[in-house]
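# Analysis of the macromolecular model
Given next are the chains, with one letter for each unit.
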Amino acid sequence: MSPIPSLTYTRELFGERILRSVTANTRQDGIDLLREAAAIPIKPRTVRFPLSEANQALQALKAGSFQGAAVLTI
């Protein structure tokens, strides 16, 4: 077996010096979240873009041209 190479922090971790473990959510966590979301008046904002305009959608997101989520439609 070859040895595991060491990390070059500035290159691989973009200057971050802390590694944190992440836990996964359970199915019940998702159900609880959706139940809470249904109980409050969430009104998502979406802007549709045809799939052929995916690059324009990314540019609009980067520029902050709208509020909400960009949705690509097929």
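These lines cover the structure that appears in this document, whether it is placed above or below. Owing to the predicted nature of the structure, the values given are computational and were not obtained by experimental measurement.

Moving on, we come to the overall build of the protein. Broken down by element type, the protein carries three helices and two strands. In sequence order, the secondary structure elements of the protein are arranged as α-α-β-α-β. For 74 residues, the compact-globule estimate of 2.2 N^0.38 gives 11 Å, and the protein exceeds it by more than 25% at 20 Å. The dimensions of the protein, computed from C-alpha atoms along their principal axes, are 50 × 35 × 25 Å. The burial tally for the protein puts 7% of its 74 residues in the buried class. Pairs at least 24 apart in sequence give 14% of the contacts found in the protein among residues at least 6 apart. In the protein, 9 positive and 6 negative side-chain charges are present, and the distance between their average locations comes to 5 Å.

Once that is clear, we can look at helix H2 (residues 27-39). Compared with an ideal rise of 1.5 Å per residue, which puts 13 residues at 18 Å, H2 spans 19 Å between its outermost C-alpha atoms and is within 8% of the ideal. Of all 13 residues making up H2, only zero are buried, and the element is barely covered by its neighbours.

A few words now on the pattern of salt bridges. Summed over all chains, the structure comprises one salt bridge. Asp-32 is the partner of Arg-35 in a salt bridge, and the nearest nitrogen-oxygen pair spans 3.5 Å. You can see Arg-35 and its partner Asp-32 sitting in helix H2, three residues apart, about one turn around the helix. Take Asp-32: its relative accessible area is 32%, and that puts it in the partly exposed class.

Bringing the packing of aromatic side chains into the picture now. Evaluation of the coordinates by the stated rule reveals one aromatic pair. Centroid distance Phe-49 to Phe-66: 5.9 Å. Interplanar angle 45°. Geometry classified as tilted. Pair noted here: Phe-49 is in strand S1 (residues 46-50) and Phe-66 is in the loop between helix H3 (54-63) and strand S2 (69-73), with a separation of 17 residues, a long-range link. The residues Phe-49 and Phe-66 share a single accessibility class, namely buried.

To continue, consider the environment of Arg-11. In this fold, Arg-11 is placed in helix H1 (residues 9-12). Once the C-alpha coordinates of Arg-11 and Ala-24 are considered, the two residues, 13 residues apart in sequence, prove to be 27 Å apart.

What counts as what
Residues numbered from 1 in each chain as written. Predicted model: local features only at pLDDT ≥ 70, side-chain atom pairs only at ≥ 80, totals over all residues. Heavy atoms only, no water. Helix = DSSP H or I, 4+ residues; strand = E, 2+ residues; numbered from the N terminus. Rg over C-alpha atoms; globule rule 2.2 N^0.38 Å. Buried < 20%, exposed > 50% of the residue type's maximum accessible area, 1.4 Å probe, protein only. Contact = heavy atoms within 4.5 Å. Lys, Arg positive; Asp, Glu negative; His and termini not counted. Charge placed at Lys NZ, Arg CZ, Asp CG, Glu CD. Expected span 1.5 Å × (residues − 1). Salt bridge = Lys/Arg side-chain N within 4 Å of Asp/Glu carboxyl O. Phe/Tyr/Trp six-rings, centres within 6.5 Å; stacked < 30°, edge-to-face > 60°.

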